[in-house]
Amino acid sequence: MARRMAADPRVAVETLVRELGVERLGTDPSAVLDASHTELPLPYADGSLDALVIAGPLERSADPVAWVREIRRVLRPGSPVLAVAPDAGRWVWNDPDVRRPYTRKSLRLLFADHQFSVRASGYRSLARVPRPLRLALDRFPGRPRVTWVLALRP
Amino acid sequence: VTETEPCAGSFAVWILDDGLIMGGGQRFALRLAGVLRRSGIQTRLLAPADSALAEEARRRGLDVADVRFPRLLPPAVTRIPAALTGLRRELARATPNTVVIGNTARCQAYATSSLLTMRRWPVLVHLMHEQDSANRRTARAVYRRFGVLVAVGENAAQTYRERLPGVEVATVSNFLDMAEMRRIEAARTPAPSPGAPVVGVLARLIPEKGVLELVEELAQIPDAWSSARIAAPPQDVEYTRAVRGRIAALGLTDRIHLLGEVSDLDRFFAEVDVLVVPSVGNEGQPTVIIESLLYGRPVIVRRHLWAQRFEDLPISSYAQPRELASALAAAPGPQLSAEELELRFGANEVLETLRRLGFAASSPITARPSYFDWHQEPGYYRDVTRHFATTDRILDVGCGTAWIGDHFDDYVGIDDSEEAVEQARARGRNALVHSVNEPFPFEDSSFDGVVVKDLLEHVRDPAAVVREIRRVLRPGGRVFASSPDAQRWVWDDYTHMRPFTRVGYRRLFADQGLAIETDGYESVMPGIGLVSGVTRRRRRPRLLAELARLPIIRRNVWVLARRPD
């Protein structure tokens, strides 16, 4: 699995959590949903989580809307969710488990259409290069990058 | 690339006006800006700096930005790109809950074109002071898709509701603010003449205002009035000449006085007994009606005003000269105080409406999936309907609002969105709620044609849907299908499951036993629906259609296939 994913989104998730400065994000490791989570419903009670990171399930699921509804269920009102998904480029299809990529627009709409209040969104290159170069690559759709959105549950 | 949303609650109103004339609409804008500012709402006027409107706005201490709206015809065409860039730069500074008001049709066109290329939209309000735009095809196409329609006056709202079925049209009434109402009330004078009344008209000399018609009518009832005072700037030179000529020809030069532009309303109303609004009916609600009532003068209008707030007021309407005569002979109604009139014509209603629009836009619940708009009839509808005869029995799979049904006598649409089907039925189209993932509720070989437009990219098992289509098609019947080509924009819509290619699309249909007749690319560039809507053929313009061969153009793949005999 690790070898298959030449470009590993986990790096982007770590730096995003650090840079976004939402303290609650990533403090509870059990509330980080990655590619190993494939089943719904999530094993949490209604409104029991203060923060959630999801990076993996959205591009592997045939029904991303069900995941967003589930996230809305388990989050406490006003709590943040950081969602990360691959951008629509050819490299996405190198992973046979991936069903669909996203763009910033579709990831934003996915949350905004389900009553989340989108606070920030963007692209993040997966290249392991010095920061100035990475900032340039963030804007370049040809190379592996993810799109992300930070949204608050209503 | 990070982008942070500004906080909700920063409600602001921007008014766009081309400042071409200083008419009722412009005075409405100035009053509105004044009232908003006093309510602590950030207000800006975007208009050409050298216009009379901008000058007046600056005099009133309003925030004015210099934005130009050149004519959409030569020779001004060359200035359009620069004007659009300028407007776009201004609009980019608007927060998502800024209400941007297009105050004239031209400004609405400019605002729409600039917003099309923007990532984040403020709320666009088309404020309709007139009713002509309801008869313009391009304008209607814009109103169906972009922005919120707010009509001034119930007459205008009615017209837009009739021409744009299914589009919500909000109504606001013309208003005066309280300070101005009190001032006018204080300037009220007793009616001047005890005998036959002096008729007053406040308008502009353009055909829509019906001044020429009024002159004819007055000539037919010479005993019902003593003189007429027409305060109207000569905006249309030809028309002004015609009015003047007609007055002379009827020998009424000493009774009908053309006063030109009048700025001192106190004096004007002191010298007339009754205000006549002879407008032939393609504008909003003239402010002069409210002003006249405040000056204590009854009003006679040519068209009945459809608004509750006009009931029980000294306002009468006429169609024939003799009705005008009896209206002039009637005793003047009761004099109303500014307080009484404020209840009906105060600024509260318009403020409430704008606030509601501002907040509705800032709440995420109103956000819709991006594909929703596509289910309205596009300007290139003939590109779809031309494959079938109007007498064919047609099945529309994933019909949305079922606009295709308007082009066929025997039509049925299915869609799994209850909301879409409800809208389709509200427009009298034959549609039913049915998930395309289930077998179709129709018998074998029961249709002459099937349309499956923008659907197969949304379903989990496209082959199963095509199998069902083949089953319900009669031998020799045709199916038209289109879906996005494998391009990046496909993934802008999170309900898309997969794109197609021409090869893949052909195989999809051929594998289920259908014979491919034609296939190709069709352009779905943003705005192509609007462009195609003004063509005579109602198809994509040939050049733009050809451009879809280039992979950089946003395009669909389409196929026309036949069930073999």
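Along each chain, residue indices are assigned from 1 in the same order as the chain's sequence is written. All chains are assigned letters beginning at A, and all ligands numbers beginning at 1, according to the order in which they are written. Whole-chain, interface and lining totals are the exception, using all residues; otherwise, since this is a predicted model, local features are given only for residues with pLDDT of at least 70 and side-chain atom pairs are given and counted only at 80 or more. As a rule here, side-chain values cover all heavy atoms of the structure and leave hydrogens and water aside.

The next point concerns the overall build of chain A. In this description a helix means any DSSP run of H or I spanning at least four residues, a strand means any run of E spanning at least two, and both kinds are numbered starting from the N terminus. Within chain A, the secondary structure is distributed over five helices and five strands. Listing every helix and strand of chain A by position from the N terminus yields α-β-β-α-α-β-α-β-α-β. Only protein chains enter the area calculation, which uses a 1.4 Å probe; residues under 20% of their type maximum are buried, those over 50% are exposed, and those in between are partly exposed. Looking at chain A residue by residue over its 154 residues, the buried ones come to 54%. Two residues qualify as a contact provided that any one of their heavy atoms is within 4.5 Å of a heavy atom in the partner residue. Contacts in chain A between residues far apart in sequence, at least 24 positions, make up 72% of those at least 6 positions apart.

It is worth spelling out the environment of W91 of chain A at this point. Residue and element names in this part refer to chain A. By the secondary structure assignment, W91 is in the loop between β3 (80-86) and α4 (104-112). Note on W91: relative accessible area 16%, which makes it buried. For the pair W91 and R143, spaced 52 residues apart in the sequence, the C-alpha separation amounts to 7.8 Å. Residues within four places of W91 in sequence aside, it is in contact with P86, L126, G142, R143, P144 and R145.

Another aspect to go through is the packing of aromatic side chains. What counts as a ring pair is set by centres within 6.5 Å for rings of Phe, Tyr and Trp (its six-membered ring), and what kind of pair is set by the plane angle: stacked under 30 degrees, edge-to-face over 60, tilted for all other angles. Using the criterion set out here, one finds 12 aromatic pairs over all chains in the structure. Ring centres of W93 of chain A and W491 of chain B lie 5.9 Å apart, and the angle between their planes is 50°; on these two criteria the pair is classed as tilted. Remark: W491 of chain B occurs in the loop between β19 (473-484) and α18 (502-510) and W93 of chain A occurs in the loop between β3 and α4; the pair is interchain, linking two chains. Since its relative accessible area comes to 44%, W93 of chain A is described here as partly exposed. Taking the relative accessible area as the measure of exposure, W491 of chain B reaches 5% and is therefore buried. Aromatic side chains F69 of chain B and Y110 of chain B sit 5.6 Å apart centroid to centroid with 75° between the ring planes, which places their arrangement in the edge-to-face category. Taken as a pair, F69 of chain B in the loop between β4 (63-66) and α3 (80-91) and Y110 of chain B in helix α4 (residues 105-116) lie far apart in primary sequence, 41 residues in all. Ring pairs connect the aromatic residues F268, F269 and Y295 of chain B, which therefore count as one cluster. To sit over a ring, a charge needs its Lys NZ or Arg CZ within 6 Å of the ring centre and within 35 degrees of the ring normal. A cation over a ring is seen here: R145 of chain A above Y123 of chain A, with NZ or CZ 3.6 Å from the ring centre. Sitting over the ring of F175 of chain B, R31 of chain B keeps its end group 5.4 Å from the ring centre.

Our focus in this paragraph is the sheet that holds strand β9 (residues 198-202) of chain B. All names here are of chain B. The criterion for strand pairing is that DSSP finds at least two bridges linking the strands in question. Pairing within the open sheet is parallel, and its six strands lie in the order β11-β10-β9-β12-β13-β14. Among the strands making up the open sheet, the edge pair consists of β11 (256-260) and β14 (315-317). This sheet shows a mean twist of 25° between the axes of neighbouring strands, independent of strand direction. Where strand β13 (residues 299-301) meets β14, three bridges bridge the pair, whose relative direction is parallel. Note on β14: the bridge partner recorded for V299 is I315. Simply put, an axis is a line fit to the C-alpha atoms, just over the touching stretch for a helix, and the angle between two N-to-C directions goes from 0 to 180 degrees.

Next up on the list: the sheet that holds strand β6 (residues 123-128) of chain B. All names here are of chain B. One open sheet accounts for seven strands, arranged β4-β3-β2-β5-β6-β7-β8; its pairing is parallel. The open sheet has two edge strands, β4 and β8 (169-172), and neither has a second partner. Ignoring strand direction, the axes of neighbouring strands in this sheet form an average angle of 25°. Sheet topology note: the β6/strand β7 (residues 148-152) ladder contains four bridges and is parallel. Counterpart to L127 in the pairing with β7 is V150. The strands that helix α1 (residues 24-38) touches are β2 (12-16), β3 (42-47), β5 (98-102), β6, β7 and β8; relative to β2, the one it contacts most, it runs at about 165°. Where helix α6 (residues 154-163) meets the sheet, its contacts fall on β6, β7 and β8, and the angle it forms with β8 comes to roughly 170°.

Another aspect to go through is the pairing of strand β4 (residues 117-125) of chain A. Residues and elements named next belong to chain A. Of all the nine residues making up β4, seven are buried; the element is thus mostly covered by neighbouring parts of the structure. Looking at chain direction, β4 and strand β5 (residues 145-152) are connected through eight bridges and run antiparallel. Within β5, the residue paired with A120 across the bridge is L150.

Moving on, we get to the confidence of the model for chain B. Each residue gets a pLDDT score, which is the predictor's confidence in that residue and runs from 0 to 100. Summary statistics for chain B give a mean pLDDT of 86 and a share of 92% for residues scoring 70 or more. Across residues 1-9 of chain B the pLDDT falls below 50, and counting only partners more than four positions away or on other chains, this stretch makes 29 contacts in the model.

Okay, the confidence of the model for chain A next. Model confidence for chain A is summarised by a mean pLDDT of 85, while 92% of its residues fall at 70 or above. Confidence drops under pLDDT 50 across residues 1-5 of chain A; counting only partners more than four residues distant or on other chains, this segment forms seven contacts.

Take the nonpolar core next. All names here are of chain B. Counting 31 residues, the largest nonpolar core has V13, I15, F28, L32, V99, I101 and L354 as the members making the most contacts within it. No other element matches the seven residues that α1 contributes to this core. I101 has contacts with V13, W14, I15, L16, L32, V125, L127 and L354, leaving out every residue within four places of it along the chain. Put simply, a nonpolar core is a bunch of buried Ala, Val, Leu, Ile, Met, Phe, Trp, Tyr and Cys residues held in one set by side-chain atoms that sit within 4.5 Å of each other.

Moving on, we come to the pattern of salt bridges. Residues and elements named next belong to chain B. Counted as salt bridges are all cases of a side-chain nitrogen of Lys or Arg within 4 Å of a carboxyl oxygen of Asp or Glu. Throughout the structure, instances matching the rule amount to 41 salt bridges over all chains. A salt bridge links R539 to D383; the nearest nitrogen and oxygen atoms lie 2.7 Å apart. Remark: D383 occurs in helix α15 (residues 382-385) and R539 occurs in the loop between α19 (528-533) and α20 (542-547); sequence separation between them is 156 residues. R539 sits in the partly exposed class, given a relative accessible area of 22%. In this structure, a network of salt bridges that share partners links the residues D383, R386, E522, R539 and R540.

Residue and element names in this part refer to chain B. Relative to the elements of secondary structure, R297 occurs in the loop between α11 (287-294) and β13. Summary of buried charges: R297 has no salt-bridge partner, and the nearest side chain of opposite charge, D273, is 5.7 Å away. N or O atoms closer than or at 3.5 Å make up a polar contact, with two conditions inside protein: a donor-capable atom paired with an acceptor-capable one, and, for residues adjacent in sequence, both atoms drawn from side chains. In terms of polar contacts, R297 uses its side chain to reach the backbone carbonyl oxygen of T189, at 3.0 Å. Separated by 3.2 Å, the side chain of R297 and the backbone oxygen of Y295 make a polar contact. Leave out the neighbours within four places in its chain, and R297 touches T189, P190, A191, P192, F269, A270, V272, D273, V274 and S292. Charged residues are defined narrowly, with Lys and Arg counted positive, Asp and Glu counted negative, and His plus the chain ends left uncounted.

Before going further, it helps to spend a moment on helix α8 (residues 211-220) of chain B. All names here are of chain B. Buried residues of α8: V211, L214, V215, E217 and L218, and no others. When α8 is viewed along its axis, its buried side chains cluster within an angular range of 165° and face the same direction. Considering only its buried residues, α8 is in contact with β9, β10 (227-231), α9 (237-249), β11, β12 (274-277) and α12 (321-329). Regarding the arc, it is the one traced by the directions from the helix axis to the C-beta atoms.

Let us look at the pairing of strand β18 (residues 447-453) of chain B. Residue and element names in this part refer to chain B. Taken across its seven residues, β18 has seven buried, putting it largely inside the fold. Examined bridge by bridge, strand β15 (residues 393-397) and β18 share three bridges and lie parallel to one another. Paired with D396 across the strands is V451, a residue of β18. One ladder, built from six bridges, connects β18 with β19; its direction is parallel. Within β19, the residue paired with G449 across the bridge is R478.

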